[in-house]
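Next come the chains, spelled out residue by residue.
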Amino acid sequence: MILTFRWFNDTDPIPLKYIAQIPNMKSVVTAVYNVPVGKVWPKEKLIQLKKQCLKHHLSMEVIESIPVHEDIKLGKPSRDKFIANYIENIKRCASVGVKCICYNFMPVFDWLRTNMKYQHQDGSNSLAYSRKDFDKIDPKHLHLPGWDESYSPKELQTLLKEYQKISHQDLFNHLVYFLKKIMPTCEKYKVKMAIHPDDPPWDIFGLPRVVSNEKDLDKMFKAVPSKCNGLTFCTGSFGAGRFNDLVHMANKYAKRIYFLHARNIQYTDKKDSFVETGHMVGSLPMIKIIKALVKNGFNGYVRPDHGRNIWGENHKPGYGLYDRALGAAYLNGVFASLEDK
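A quick note: this is a predicted structure, and the numbers were derived from the prediction, not measured.

Undergrad: Would you explain the sheet that holds strand 4 (residues 100–103) in this entry?
TA: Each strand in a sheet pairs with another by means of backbone hydrogen bonds, the pair being arranged parallel or else antiparallel. Sheet architecture is closed into a barrel: eight strands sit in the order 1-2-3-4-7-8-9-12, paired in parallel fashion. If you compare each strand with its neighbour and ignore which way they point, the axes differ by 30° on average. Packing against the sheet, helix 4 (residues 79–95) makes contact with strand 3 (59–64), strand 4 and strand 7 (192–195), and its axis sits at approximately 140° to strand 4.

Undergrad: Looking at this structure, I do not really get unusual backbone geometry. What am I missing?
TA: In this structure, the amide linkage connecting Glu-64 to the following residue, Ser-65, adopts the cis form with an omega of 0°. Checked against the element boundaries, Ser-65 lands in the loop between strand 3 and helix 3 (70–74). Omega for the bond connecting Asp-199 with Pro-200 falls within 30 degrees of zero, at 0°, which places this linkage in the cis form. You can see Pro-200 is positioned in the loop between strand 7 and helix 8 (214–223). In this model, Asn-9 sits at a positive phi of 65°, which is unusual for a non-glycine residue. Along the chain, Asn-9 turns up in the loop between strand 1 (2–6) and helix 1 (16–19). What makes Asn-9 buried here is its relative accessible area of 6%. The backbone phi angle of His-306 is positive, close to 55°, even though this residue is not glycine. Along the chain, His-306 falls in the loop between strand 12 (301–304) and helix 12 (322–339).

Undergrad: Just to check I follow, could you spell out the state of the cysteines for this structure?
TA: By definition, a disulfide links the sulfur atoms of two cysteines through a covalent bond. Applying the stated criterion across every chain yields a total of zero disulfides. Left without a disulfide partner, Cys-234 is nearest to the cysteine sulfur of Cys-102, which lies 8.5 Å away.

Undergrad: Sorry, what's going on with the packing of helix 7 (residues 168–189) against helix 8 here?
TA: Each pair of packed helices can be summarised by the angle the axes make with each other and by the distance between the axes. Between helix 7 and helix 8, whose axes approach to 10 Å, the crossing angle comes to 40°. Looking at the two axes, helix 7 sits oblique to helix 8. You can see that helix 7 and helix 8 cross each other, and the crossing is right-handed. Across from Gln-169, Phe-172, Leu-175, Val-176, Leu-179 and Lys-180 in helix 7, the residues of helix 8 making contact are Lys-219, Met-220 and Ala-223. Looking at the contact of helix 7 with helix 8 residue by residue, the class counts come to six nonpolar, one polar and two charged.

Undergrad: What am I meant to see in the packing of helix 11 (residues 286–295) against helix 12 here?
TA: It is the contact of helix 11 with helix 12, at a shortest axis distance of 10 Å, that shows an interaxial angle of 45°. Taken together, the axes of helix 11 and helix 12 lie oblique to each other. Seen from above, helix 11 lies across helix 12 with right-handed handedness. Judged by residue contacts, Met-286, Ile-287, Ile-290, Lys-291 and Val-294 of helix 11 engage Tyr-330, Leu-331, Val-334, Phe-335, Leu-338 and Glu-339 from helix 12.

Undergrad: Would you explain helix 4 in this entry?
TA: Between the first and last C-alpha of helix 4 there are 24 Å, a value that for 17 residues agrees with the 24 Å anticipated at 1.5 Å per step. In this fold, the buried residues of helix 4 make contact with helix 2 (43–55), strand 3, helix 3, strand 4, helix 7 and strand 7. Backbone geometry just downstream of helix 4 places Gly-97 in the positive-phi region, at approximately 95°.

Undergrad: Could you clarify how one ought to interpret the pairing of strand 1 in this entry?
TA: Moving residue by residue along a regular strand, the side chains alternate between the two faces of the sheet. Burial of strand 1 is extensive: four of the five residues sit out of reach of the surface. Bridging between strand 1 and strand 12 involves two bridges; their strand directions are parallel. Bridge pairing in strand 12 links Leu-3 to Val-302.

Undergrad: What exactly am I supposed to notice about the nonpolar core here?
TA: It is characteristic of soluble globular proteins that their nonpolar side chains tend to be buried jointly. The biggest cluster of nonpolar side chains holds 99 residues, and the ones touching the most others in it are Phe-178, Ile-182 and Phe-233. Considering every element that reaches this core, the biggest residue donor is helix 7, with nine residues. Phe-233 has contacts with Phe-238, Leu-246, Met-249, Ala-250, Ile-257, Phe-259, Leu-260, His-261 and Ile-289, leaving out every residue within four places of it along the chain. Val-29, Cys-100, Phe-259 and Tyr-301 belong to the second largest nonpolar core, which has eight residues in total.

Undergrad: Can you help me understand the sheet that holds strand 11 (residues 274–276) in this one?
TA: In spatial order, the strands read 5-6-11-10; together these four strands make up an open sheet with antiparallel pairing. With one partner strand each, in any of the chains shown, strand 5 (115–119) and strand 10 (265–267) form the two edges of the open sheet. When the angles between neighbouring strand axes are averaged without regard to direction, this sheet yields 35°. Summarising the sheet, strand 10 and strand 11 pair through three bridges and their orientation is antiparallel. Bridging across to strand 11, Gln-266 finds its partner in Val-275.

Undergrad: How should I be thinking about the packing of aromatic side chains in this particular structure?
TA: Aromatic rings considered in pairs are described by the distance between their centres and by the relative angle of their planes. Counted according to the given criterion, the structure contains 14 aromatic pairs. Here the aromatic rings of Tyr-86 and Phe-178 are separated by 5.0 Å at their centres, their planes lie at 90°, and the arrangement is edge-to-face. Of the two residues, Tyr-86 sits in helix 4 while Phe-178 sits in helix 7, which places them 92 residues apart along the sequence. By relative accessible area, which is 3% here, Tyr-86 ends up buried. Seen from their ring centres, Phe-298 and Phe-335 are 6.4 Å apart, and the 40° between their planes marks the pair as tilted. Of this pair, Phe-298 sits in the loop between helix 11 and strand 12 while Phe-335 sits in helix 12; the two residues are 37 residues apart in sequence, bridging distant segments of the chain. The pair formed by Phe-298 and Phe-335 is uniform in burial state, with each residue classed as buried.

So, how was this worked out
- Residues numbered from 1 in each chain as written.
- Predicted model: local features only at pLDDT ≥ 70, side-chain atom pairs only at ≥ 80, totals over all residues.
- Heavy atoms only, no water.
- Pairing = 2+ DSSP bridges.
- Helix = DSSP H or I, 4+ residues; strand = E, 2+ residues; numbered from the N terminus.
- Axes fitted to C-alpha atoms, helices over the stretch in contact; angles between N-to-C directions.
- Contact = heavy atoms within 4.5 Å.
- Buried < 20%, exposed > 50% of the residue type's maximum accessible area, 1.4 Å probe, protein only.
- Disulfide = S-S within 2.5 Å.
- Parallel < 35°, antiparallel > 145°, perpendicular 65-115°, else oblique.
- Left-handed = near helix turned anticlockwise from the far one by under 90°.
- Nonpolar A, V, L, I, M, F, W, Y, C, P; charged D, E, K, R; others polar.
- Expected span 1.5 Å × (residues − 1).
- Core = buried A, V, L, I, M, F, W, Y, C linked by side-chain atoms within 4.5 Å.
- Phe/Tyr/Trp six-rings, centres within 6.5 Å; stacked < 30°, edge-to-face > 60°.

Structure below.
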């Protein structure tokens, strides 16, 4: 496995020199964040980012993410223009050594939590999702943690209204259209696309979601069999759906999983509420999942995904240094013990 760490460029309070000190850390997962969705990334910015990483002996082989414009997901006539820009971004990323692109196809919201700083008994805090709190949200007057500045109220309501006309099959068809358009470029430049599962893996606010379970993945891989069409196996996202058997899925899709987001969660009710925890402790059988991946030939990128804020940190929720560094150490140990057998 190739151990990686998410880094939000110069706005990230965690400097690359700290990331480089994590044992066995090989690569940085980043993106160009200051370009509007659907536009082409400046190549000079990608070159600059790579130079920054190399200065600290870190590669930049994974991009997370190149966002997919909503017009593509909605299947609008304008989608071909945005797909052309997406293809150009793939080419530009490949030119600086990027080998894997993590992306998602979730309408409007690419993640959802109801609490950004859930307080644990030990004094740490983390992201959490409560069905009870979610049910109190009025879709016509949305104020979501972490999303209040992403859209104006008018923009958000317009988008939600547009998606009322889009069925699950429509959204799936639009995903397939997008993938078939970009696969020739991915194959030519040897870039693997790794789709991120829905987070959480069920419909929200009437918005369809089509990457939530094993059936969805089978349908996608059958429709677009190219080996460049792969998966980001986010244990926290798939694991939030208790209908998903993560060990079975790891066994089944190991060779199509190009990026592992190792994240643990603790279920807090009998339905679908959860809190994010440290990587070692939670409701998900992390060691069994990794064992299934290694046994079946996984040799991709791995990152400790979403840690708690611990030891007085007050960083971006899910993205503190200390708990993710602890998670990296834990993952190092698990992979080393399994890969040596």
